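Coordinate analysis (summary)
Here is what each chain is made of, one letter per residue.
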Amino acid sequence: MIRANDPHLHSWIEIAPESDFPIQNLPFGIFSTPDRDPRVGVAIGEYILDLCVLGRHNFFELIDFDPNVFHRPVLNDFIAMGKPVWRAVRNRVSELLRNNNEEISGDSELIRECLVLQSEATMHMPVKVPNYTDFYSSLEHATNVGTMFRDPETALLPNWKHLPVGYHGRASSIVVSGTPIHRPKGQTKAADQDTPTFGPSQQLDFELEVAFITGKETPLGQSITPYEAEEYIFGLVLFNDWSARDIQTWEYVPLGPFLAKSFASSVSPWVVTLDALEPFRVKGPEQIPKPLPNLEALGNRNYDIHLEVLLQPQHKAASTISHTNFKHMYWSMAQQLAHQSSNGCNIMVGDLYASGTVSGARQEAYGSMLELTWRGTQPLQLPDGSERQFIQDYDTVIMRGHCELNGIRVGFGEVRGQVLPAIQH
Ligand code: MN
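These figures come from a predicted structure and were not determined experimentally.

Turning to the coordination of the manganese ion, a few remarks are in order. The protein atoms that coordinate the manganese ion are Asp134 (OD), Glu207 (OE), Glu209 (OE) and Asp241 (OD), at distances of 2.1 to 2.2 Å. Donor residues for the manganese ion sit on one chain with the sequence pattern D-x72-E-x1-E-x31-D. Across the pair, Glu209 and Glu207 agree in class, each one buried.

Below, the discussion takes up the nonpolar core. Ranked by size, the top nonpolar core spans 50 residues in total, and within it Phe206, Leu236, Ile321, Phe326 and Leu337 carry the most contacts. Of all the elements in the fold, those that place two or more residues in this core are β13 (208-214), β14 (233-240), α9 (274-277), β20 (306-312), α10 (333-341), α11 (369-372), β25 (396-405) and β26 (408-420). Of the residues forming this core, the biggest block, five residues, is contributed by β26. Other than its neighbours up to four places away in sequence, Leu337 contacts Phe212, Thr214, Ile224, Ala229, Tyr232, Ile233, Ile347 and Tyr353. With 49 residues, the next largest nonpolar core counts Val42, Ile104, Ile174 and Val176 among its residues.

The subject of this paragraph is unusual backbone geometry. Cis geometry is found at the peptide bond from Val253 to Pro254, where omega equals 5 degrees. With respect to the helices and strands, the residue Pro254 is situated in the loop between α7 (245-251) and α8 (259-262). Between Ile288 and the following residue, Pro289, the backbone shows a cis peptide bond with an omega angle of 0 degrees. The phi dihedral of Arg375 falls on the positive side, at around 60 degrees, and the residue is not glycine.

Criteria and cut-off values
Residues numbered from 1 in each chain as written. Predicted model: local features only at pLDDT ≥ 70, side-chain atom pairs only at ≥ 80, totals over all residues. Heavy atoms only, no water. Donors = N, O, S within 2.8 Å, 3.2 Å for Na, K, Ca; no water. Buried < 20%, exposed > 50% of the residue type's maximum accessible area, 1.4 Å probe, protein only. Core = buried A, V, L, I, M, F, W, Y, C linked by side-chain atoms within 4.5 Å. Helix = DSSP H or I, 4+ residues; strand = E, 2+ residues; numbered from the N terminus. Contact = heavy atoms within 4.5 Å.

Next comes the structure, spelled out in structure tokens:
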């Protein structure tokens, strides 16, 4: 077992039982405050541990790397150092935060220097994303969408159970949680019209997804097997793949999603390492037919992560509109990365691979408004008395995720985004 995952560990920092950030988690992110420029931190309870400060005080001197890598506005250079370094740093941070360790806890001035309240910090994009891929790996989601856009008989296209279907998305418009999203504009064509019109989307949606970030590159021509794939994965974030359904319906044939998706995607700021998720591995659904040999991945390749979506109308309380679990995904992250590289396409440090909408079997587990309201035909009733077919201006969408086992909760925090009206030019 990875030492830092031991459920018996306790920190000298007081951590509420419902916190997503106990000593067993220690996710990495980029933060700043009025007097600290953007740098690498680790979330612990309500605080952020400033790794830049710890590096300056030589707390990582037994690990073979340059701790100046923590004084960067993105995690890319740190994660490029490889899994042995990430793992050693996480283990060292765990040691420094344990209740029997006084290296920091015995020095009140140092505590003030290296701990920042999350409420007083600004979070930034954790990585510079060179490439972004979006998969389509939930059987329930693909079946729902296929049923609505085609018919129940041909809901799943013939390739779906043979490969993890995906498309190349737009990296430039991925933003960190809290960044407002302007309603996209685009070309749409109503079913009863002969010609399209251009204007703000009338069917703005979210997609509940989990994304992984790679921390190791491959040269052109080389492929990764599903069994090697986890060595390439640094960690996971929550991902809202904002989608404009009316633009999508008109544009997507034959080349797939384009402007209906590329206007924005939002990520949670803390990258939960694959190491921290190790105790929450589970077996995925049985795959019939058996995947071809280069996609075969026996063993526990899925992760038990509870997911939820909340919708908050302006000046009103947020309410849960969906809850599901990442463990139901048909194709695992290992298979997705193996498939991505199977043609010899090179993998880069900081690449982001999103799961596709995570939907469960029952209606309350659907991961998009498209499915929750069945393309707008069954509007959601909100506690404030209002109805939603899709997302309205000034609504805020919030996604949360956490794992829980043996009384230990390892969470992601949240990704939130408010929708602002379209900019008219
Ligand atoms: Mn998506």
